[in-house]
Amino acid sequence: MEKKKRFILPEEEIPTQWYNIQADMVNKPLLPIHPATKQPLKPEDLYPIFAEELCKQELDQTNPWYDIPEEVREQYKCYRSTPLVRAYGLEKALDTPAHIYFKNESVSPVGSHKLNSALAQAYYCKKQGVTNVTTETGAGQWGAALAYAANVFGLNAAVYQVKISYEQKPYRRSIMQTFGAQVTPSPSMSTRAGKDILTKYPNHQGSLGTAISEAIELAMSTPNCKYTLGSVLSHVTLHQTVIGQEAEKQMAMAGEYPDIIIACFGGGSNFGGIAFPFMRHTLKEGRKTRYIAAEPASCPKLTKGEFLYDFGDETGYTPLLPMYTLGHNFRPANIHAGGLRYHGAGVIVSQLLKDKMIEAVDIQQLESFDAGCLFARAEGIIPAPESCHAIAAAIKEAQRCKEAGEGKVILFNLSGHGLIDMTAYDQYLAGDLTNFELSEEEIRKTIDEVKAL
Ligand SMILES: *Cc1c(COP(=O)(O)O)cnc(C)c1O
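Definitions and limits used
- Residues numbered from 1 in each chain as written.
- Predicted model: local features only at pLDDT ≥ 70, side-chain atom pairs only at ≥ 80, totals over all residues.
- Heavy atoms only, no water.
- Helix = DSSP H or I, 4+ residues; strand = E, 2+ residues; numbered from the N terminus.
- Rg over C-alpha atoms; globule rule 2.2 N^0.38 Å.
- Buried < 20%, exposed > 50% of the residue type's maximum accessible area, 1.4 Å probe, protein only.
- Contact = heavy atoms within 4.5 Å.
- Areas by Shrake-Rupley, 256 points an atom, 1.4 Å probe, with all protein chains shown as cover.
- Lys, Arg positive; Asp, Glu negative; His and termini not counted.
- Charge placed at Lys NZ, Arg CZ, Asp CG, Glu CD.
- Axes fitted to C-alpha atoms, helices over the stretch in contact; angles between N-to-C directions.
- Parallel < 35°, antiparallel > 145°, perpendicular 65-115°, else oblique.
- Salt bridge = Lys/Arg side-chain N within 4 Å of Asp/Glu carboxyl O.
- Pairing = 2+ DSSP bridges.
- Near = heavy atom within 4 Å.
- Polar contact = N/O pair within 3.5 Å; in protein donor to acceptor, adjacent residues only side chain to side chain.
- Nonpolar A, V, L, I, M, F, W, Y, C, P; charged D, E, K, R; others polar.
- Phe/Tyr/Trp six-rings, centres within 6.5 Å; stacked < 30°, edge-to-face > 60°.
- Lys NZ or Arg CZ within 6 Å of the ring centre and 35° of its normal.
- Disulfide = S-S within 2.5 Å.
- Core = buried A, V, L, I, M, F, W, Y, C linked by side-chain atoms within 4.5 Å.
- Left-handed = near helix turned anticlockwise from the far one by under 90°.

(A) Main features of the overall build of the protein. A count of helices and strands for the protein gives 18 helices and 15 strands. A compact globule built from 453 residues would reach a C-alpha radius of gyration of about 22 Å, and the protein, at 20 Å, matches this within 12%. Along the three orthogonal principal directions, the C-alpha set of the protein runs to about 65 × 50 × 45 Å. Within the span of the protein, comprising 453 residues, buried residues form 61% of the whole. Long-range contacts, defined as pairs at least 24 residues apart, comprise 77% of the intrachain contacts of the protein with a sequence gap of at least 6. Within the structure as shown, the protein displays about 16,700 Å² of accessible surface, and the carbon and sulfur contribution to it stands at 51%. Between the centroid of the 45 positive side chains of the protein and the centroid of its 52 negative side chains there is a distance of 1 Å.

(B) Focus on the packing of helix α2 (residues 52-59) against helix α11 (residues 234-253). Interhelical geometry of α2 versus α11 gives an angle of 90 degrees and a closest axis separation of 8 Å. In this view, α2 runs roughly perpendicular relative to α11, as classed from their interaxial angle. Two secondary-structure elements touch here, α2 through Leu54, Gln57 and Glu58 and α11 through Ser234, His235, Leu238 and His239.

(C) Layout of the pattern of salt bridges. Tallied over the full model, the rule gives 21 salt bridges. Between glutamate 13 and lysine 249 there is a salt bridge, and its shortest N-O distance comes to 3.0 Å. Taken together, the residues span a long stretch of sequence, with glutamate 13 in the loop between β1 (6-7) and β2 (17-19) and lysine 249 in helix α11 at a distance of 236 residues. Judged by its relative accessible area of 32%, glutamate 13 is partly exposed. Where lysine 408 meets glutamate 406, a salt bridge forms, and the shortest distance between an N and an O atom there is 3.0 Å. Look at the salt bridges and you will find they share partners, linking Arg80, Lys103, Glu105 and Glu246 into a network.

(D) Main features of the sheet that holds strand β4 (residues 84-86). Strand order in the open sheet formed by seven strands is β1-β4-β5-β15-β10-β11-β14, and the pairing between neighbours is mixed. For this open sheet the edge positions go to β1 and β14 (359-363), each flanked by a neighbour on one side alone. As paired strands, β4 and strand β5 (residues 99-104) are joined by three bridges and run antiparallel to one another. Paired with valine 85 across the strands is phenylalanine 102, a residue of β5. Where α11 meets the sheet, it contacts β1, β4, β5 and β15 (409-414), and its direction lies at approximately 140 degrees from that of β5. Helix α12 (residues 269-285) rests against β5, β10 (260-264), β11 (290-296) and β15 of the sheet, and its axis sits at about 160 degrees to β10.

(E) The arrangement of the site of the ligand in detail. The immediate surroundings of the ligand are formed by 17 residues, with Lys114, Ser231, Gly266, Asn270 and Ser415 found nearest. Glycine 266 has a polar backbone atom sitting 2.6 Å from an oxygen atom of the ligand. The contact in question runs from an oxygen atom of the ligand to an N or O atom on the side chain of asparagine 270, over 2.7 Å. Split into classes, the residues belonging to the shell around the ligand amount to four nonpolar, eleven polar and two charged.

(F) Structural context of the environment of lysine 288. Inspection of the secondary structure puts lysine 288 in the loop between α12 and β11. Taking the C-alpha atoms as reference points, lysine 288 and proline 258, 30 residues apart in sequence, are found 9.6 Å from one another.

(G) Geometry of the side chain of glutamine 250. Note on placement: glutamine 250 falls in helix α11. Glutamine 250 sits in the buried class, given a relative accessible area of 0%.

(H) Up close: the sheet that holds strand β7 (residues 156-162). Sheet architecture is open: four strands sit in the order β8-β7-β6-β9, paired in parallel fashion. Every other strand in the sheet has two partners, leaving β8 (182-186) and β9 (225-227) as the edge strands with one partner each. Along the sheet, successive strands turn relative to each other by an average axial angle of 20 degrees, direction set aside. Most of the contacts of helix α8 (residues 170-178) go to β7, to which it runs at about 170 degrees, and overall it touches β6 (132-137), β7 and β8.

(I) Broad picture of the packing of aromatic side chains. For the structure shown, the criterion picks out 14 aromatic pairs. Here the aromatic rings of tyrosine 19 and tryptophan 65 are separated by 5.0 Å at their centres, their planes lie at 45 degrees, and the arrangement is tilted. Residue tyrosine 19 is found in strand β2, and its partner tryptophan 65 is found in strand β3 (residues 65-67); the two are separated by 46 residues along the sequence. Using a relative accessible area of 29% as the deciding quantity, one classes tryptophan 65 as partly exposed. Summarising the aromatic geometry, the rings of tyrosine 76 and tyrosine 79 are spaced 6.4 Å apart at their centres and angled 80 degrees between planes, so their arrangement reads as edge-to-face. As far as the burial class goes, tyrosine 76 and tyrosine 79 line up, both buried. Cluster of aromatic residues (ring-pair linked, three or more members): Phe102, Phe375 and Phe412. Against the face of tyrosine 166 rests arginine 173, its NZ or CZ located 5.1 Å from the ring centre.

(J) Spatial organisation of the state of the cysteines. By the definition in use, this model includes zero disulfides. Here cysteine 373 is not disulfide-linked; the sulfur of cysteine 388 is the nearest cysteine sulfur, at 7.6 Å. Cysteine 373 gets classed as buried once you look at its relative accessible area, which sits at 9%.

(K) Inspection of the nonpolar core at higher detail. Among the nonpolar cores identified, the biggest contains 69 residues, and Trp18, Leu119, Phe271, Phe276 and Leu411 are the most heavily contacted of them. Counting residues in each nonpolar core, the second largest holds 30 residues, with Leu94, Ile262, Ile381 and Ala392 among its members.

(L) Representation of the packing of α11 against α12 in the model. For the pair α11 and α12, interaxial distance at closest approach is 6 Å and the crossing angle is 55 degrees. Comparing the axis directions of α11 and α12 gives the class oblique. The handedness of the crossing between α11 and α12 is right-handed. Each of Val236, Thr237, Gln240, Thr241, Ile243, Gly244, Gln245, Ala247, Glu248 and Met251 in α11 lies in contact with α12, whose residues at this interface are Ser269, Gly272, Gly273, Ile274, Phe276, Pro277, Phe278 and His281.

This is a description of form; function is not addressed.
Have a look at this one:
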């Protein structure tokens, strides 16, 4: 029989709704807390920062489905559905009886899944009459997505890019600027938050936490300006559920259902995006599926962090979020997977991990690039350094299948391509990349600081 490799949906099969898993969760996520009043957050508390519709989506624990606005769905049609691909080449290279599939989000115009939420956020800002949007970006993936979406909906975008990434990944900056965004390396002297951090640590290389503080400060001090976020928050993950909904239909076209679903983990949006539509069947029908989040060993909030109320940013501008965290003062090593260098995990995923609905693994930097190169040679796609973590976790599971002689079905999300990350591959190929070992004391220090709040 002819073996089918690539599964694509016709336009009319692109999802028309986003799935809000909060409505179906047995234990709902705890509510974020207002840091000043210590009261549970209400949508109105977030209005100064985000577009109103997004604030409602963020805290909604009852509505399982949200209609995707027609204008957003029109934009999705430029690159969706994304292909579901059977990784025959990788299966062969591993000599595994497992069936491996990946959902290829790298085909979006900016090269990652981030656009799925950027388009939605820019749309709701525009609809509300907002003229300017700000954000932070690590590797530049989110900044590129927001720059693209702001351009589509006619908004001005100002992006704070983590300094280390600004320097390591100059082409992401060019992409953002090409789409018309203004880009500033963070920490910068343009905000109070940036100045404070630079005064304390003059050589600070930046982190998502510091860049978030700067972007929020700009949004709050600029009229008609809203902040946007590319990960961590529940509304971001909501928009990403187009990934899993498509994958459900595409797996059905392949005549299979995944036993194991894997994604890399920064704040949880691509993980939730692929996993939650499937998890709906676990919650409603008791379907047995394993969900594995793959995080970097140098930023292990899921495997070594603690479930606490913590700030989402370094300065403490955000609400207190109930999440697995390494502490908002945790400064991750300068690994190349910039999109995974964040100290906390989204509140939905945190609750699911607490309830043992999902699993987490940590992956060392060298192992992630070993996996990325193996994948590139087997499947012909160079994965983003972030996505390499998902591939490494998928390879481990496929090897386990080989040892056990089990033909499990593994699905992972290829969150992005690595074509703008070739400096990282250069260093890996030259043998210049290292792993980062974190001591128990290092992790304890920033966690204990949160506990002392
Ligand atoms: C941002 C990013 C991630 C991590 O973010 P999540 O919200 O955890 O998905 C992973 N992969 C790529 C390619 C990214 O750009």
